[in-house]
Amino acid sequence: MVVLMMCFNLFSHGTQDLYPTFLQKQHNFDPTTVSWIVIVANLGAIAGGLIFGHLSEKIGRVNAITIAALIALPGAFPVGFLVDAGPARDRRVHYAGRRSGAWGVIPVHLNELSPSAARATIPAFVYQAGNFLASYNGPFQAQIAQANGGNYGFALALVAGVVAVAIVIVIRFSPERRGEVLTAH
């Protein structure tokens, strides 16, 4: 569960933390434009989380997370490589929704995997432990960007692509516990 949460935090922070820098440095967007793009992307993230959380009730947690991670892959390409193409800007907002769709499943998945006696502790611990293990990501991505001529889009796309595949691999080994009774025994 800690490895899964490390991957999720790399996925999330790997696509959002340096995104404003990417927009300012590679697109020369002013701070107001960057703010609006990030606001709209976060609205897409909320919608994606709601949609995939609901979908996970029908197809299972593991399948919903797998699908969300896989459909995020095509969105990484325009972020990283079509930095000046107009339509790519629109696709980035949809990409944020897809990336965050998998997050809509995580709270219930972690709770279903945890024994009832430790249900309040285990999800919180594994989330924070995963976040700790992923905390090097910002400086790591900045180094990738600098090593590639200041190309933040490349760093964002590289991390998003690799981590999306890692999430699929890790989640496929996760037990499916959809429908687990979440009451104390």
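Please read these numbers as outputs of a predicted model, since none were measured by experiment. (Residues numbered from 1 in each chain as written. Predicted model: local features only at pLDDT ≥ 70, side-chain atom pairs only at ≥ 80, totals over all residues. Heavy atoms only, no water.)

Attention now moves to the overall build of the protein chain. A count of helices and strands for the protein chain gives nine helices and zero strands. Mapped from its N terminus to its C terminus, the protein chain presents α and β elements in the order α-α-α-α-α-α-α-α-α. Looking at the 185 residues of the protein chain, the share that counts as buried comes to 45%. At a minimum sequence separation of 6, the contacts of the protein chain that also span at least 24 residues come to 78%. (Helix = DSSP H or I, 4+ residues; strand = E, 2+ residues; numbered from the N terminus. Buried < 20%, exposed > 50% of the residue type's maximum accessible area, 1.4 Å probe, protein only. Contact = heavy atoms within 4.5 Å.)

Next up on the list: unusual backbone geometry. Residue asparagine 28 is not a glycine yet carries a positive backbone phi of 55 degrees. Tracing the backbone shows asparagine 28 in the loop between α2 (19-27) and α3 (31-59). Asparagine 28 gets classed as exposed once you look at its relative accessible area, which sits at 64%.

The subject of this paragraph is the side chain of arginine 119. Structurally, arginine 119 can be placed in the loop between α6 (106-113) and α7 (122-133). Here serine 114 takes part through its backbone oxygen, which lies 2.9 Å from a polar atom of the side chain of arginine 119. (Polar contact = N/O pair within 3.5 Å; in protein donor to acceptor, adjacent residues only side chain to side chain.)

Quick look at the packing of aromatic side chains now. In total, this model carries four aromatic pairs according to the counting rule given. Each ring, one from tryptophan 103 and one from tyrosine 127, has its centre 6.0 Å from the other, and the planes form 65 degrees; the classification is edge-to-face. Here tryptophan 103 is found in the loop between α5 (86-101) and α6, whereas its partner tyrosine 127 is found in helix α7, with 24 residues between them in sequence. (Phe/Tyr/Trp six-rings, centres within 6.5 Å; stacked < 30°, edge-to-face > 60°.)

What follows is about helix α1 (residues 2-16). With 15 residues, α1 extends 21 Å between its outermost C-alpha atoms, agreeing within 8% with the 21 Å of an ideal straight helix rising 1.5 Å per residue. Of the positions making up α1, those classed as buried are Leu4, Met5, Cys7, Phe8, Asn9, Leu10, Phe11, Ser12, Gly14 and Thr15. (Expected span 1.5 Å × (residues − 1).)

On average, residues of the protein chain score 82 in pLDDT, and 84% of them reach the 70 mark or higher. Put simply, α5 is where the protein chain has its lowest mean pLDDT, 50, and α7 is where it has its highest, 94. (pLDDT = per-residue confidence, 0-100.)

Any two packed helices are characterised by the angle at which their axes cross and by the distance between the axes. At a minimum axis separation of 7 Å, helix α8 (residues 137-147) and helix α9 (residues 152-172) run at an interaxial angle of 130 degrees. By the angle between their directions, the pair α8 and α9 is classed as oblique. Note that α8 runs across α9; the crossing there is right-handed. Within the contact between the two elements, α8 uses Asn137, Phe140, Gln141, Ala142, Ile144, Ala145 and Gln146 and α9 uses Tyr152, Phe154, Ala155, Leu156, Leu158 and Val159. Looking at the contact of α8 with α9, its residues break down into 10 nonpolar, three polar and no charged. (Axes fitted to C-alpha atoms, helices over the stretch in contact; angles between N-to-C directions. Parallel < 35°, antiparallel > 145°, perpendicular 65-115°, else oblique. Left-handed = near helix turned anticlockwise from the far one by under 90°. Nonpolar A, V, L, I, M, F, W, Y, C, P; charged D, E, K, R; others polar.)

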